[in-house]
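Each chain, letter by letter, is given below.
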Amino acid sequence: MANNQRPLGSGFTAASTAREVLAGIDVSGKNVVVTGGHVGLGLEATRALAEAGASVTVGSRHPDRAASALAGIDGVEIGQLDLLDPASVNAFAGRYLDSSRPLHLLLNNAGIMAPAELLLDARGYEAQFATNHLGHFQLTLGVLPALRAAHGARVVNTTSGATRISDIRWDDPHFATGYDGHLAYAQSKTANVLFAVELDRRWAPDGIRGYAAHPGIIVGTKLGGSMPADRVQAMHVAMGLVDESGRPIIDPESGKKTPQQGAATIVFGATSPLLADIGGVYLRDNDISPLDGAADPTAQGADMIRSQNVVPHSIDPGSARRLWEMSEQLIKA
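Read on for a plain summary of the structure.

Reading guide: rules and limits
- Residues numbered from 1 in each chain as written.
- Predicted model: local features only at pLDDT ≥ 70, side-chain atom pairs only at ≥ 80, totals over all residues.
- Heavy atoms only, no water.
- Salt bridge = Lys/Arg side-chain N within 4 Å of Asp/Glu carboxyl O.
- Helix = DSSP H or I, 4+ residues; strand = E, 2+ residues; numbered from the N terminus.
- Pairing = 2+ DSSP bridges.
- Contact = heavy atoms within 4.5 Å.
- Axes fitted to C-alpha atoms, helices over the stretch in contact; angles between N-to-C directions.

**Things to note about the pattern of salt bridges**
A pair can form between side chains of opposite charge whenever their charged atoms are brought close.
Thinking step 1. Counted under the stated rule, the structure contains twelve salt bridges.
Thinking step 2. For Glu77, the salt bridge goes to Arg101, with nearest N and O atoms at 3.2 Å. In this pair, Glu77 sits in strand E3 (residues 76–80) while Arg101 sits in the loop between helix H4 (86–98) and strand E4 (105–108), placing the two residues 24 residues apart along the sequence.
Thinking step 3. Measuring nitrogen to oxygen at the nearest pair gives 2.7 Å for the salt bridge that ties Arg202 to Glu198. On the criterion of helical spacing, the pair formed by Arg202 and Glu198 is a turn pair, its members being four residues apart in helix H7 (residues 181–203).
Thinking step 4. Each member of the salt-bridge network shares a partner with another, and the members are Glu198, Arg201 and Arg202.

**Here's the deal with the sheet that holds strand E2 (residues 55–60)**
Thinking step 1. The strand order across the open sheet built from eight strands is E3-E2-E1-E4-E5-E6-E7-E8, with neighbouring strands paired in mixed fashion. Two strands lie at the open edges of the sheet, namely E3 and strand E8 (287–288), each paired on one side alone.
Thinking step 2. Here strand E5 (residues 153–158) runs beside strand E6 (residues 208–214); their pairing, made up of six bridges, is parallel. Each residue of the ladder has a partner; that of Arg154, found in E6, is Arg209.
Thinking step 3. The strands touched by helix H2 (residues 40–51) within the sheet are strand E1 (31–35), E2, E3 and E4, with E2 carrying the most contacts at an inclination of about 160°.

Below is the structure:
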């Protein structure tokens, strides 16, 4: 399978931060949307881009909480956005289009991870697939006129190394035949990559490029907020992410990063001039990831973070087209 998953030699490392990646890059006058831009990785990306001169719109289910978290950061506004609610997604996109501003950078960052029990939205869709993928898919299509108006835009989807443990469950994406929260999360993160691949194929002629950014494994982002606290703690211990006292273990080279380091790859995808002529790729450690030859659907715990390079099923162009078509049908329902 032909692909562009070859590192560029960016000069950055796994330990580089979002501020370091942005050093010397002018984003003044750029309009940015960051979903979940008030917590975790989204907050760090918002802060770094705003400090560098961008105007950032943060989409949040809880605007009041977002306002508190973003207090003191200039150049930021907040819009109500619930990715699990199609009407909320349409309203957010409509408000942005009504502002008549071009959209230079769309960071599809918000997400949920591994609820203990199967959660469905009002349409009967599994909540992680609906939030992490379909909500962002609908939002991106909704703001397409603003992306085109930028005459050079980028869409960055935050993905995960969990992609290696699940392809799209084409016959049962909503887990009607048996729920596994971690597989459902992995499926949604694979969808983030395939979405970027097909977006780039379709929209690159319009000057819109797509990327999937794997930030690493970051403790304390609230991504696991839908999981019981004791389950989150047990998972972190099993994966070697925290020590006996619960403090995060930071080891960027093995993927264990601070939020500032994790946000760097997202910001790299959004702004790096090295990516000016390439898109539809999976990024990690502030560069293009090499292709790992084999996925591991049985990986658990620490095994999930031993190799975080992209795997073939996540960038398969046929699957990317199929997912796009399926997603179009699902958001019409």
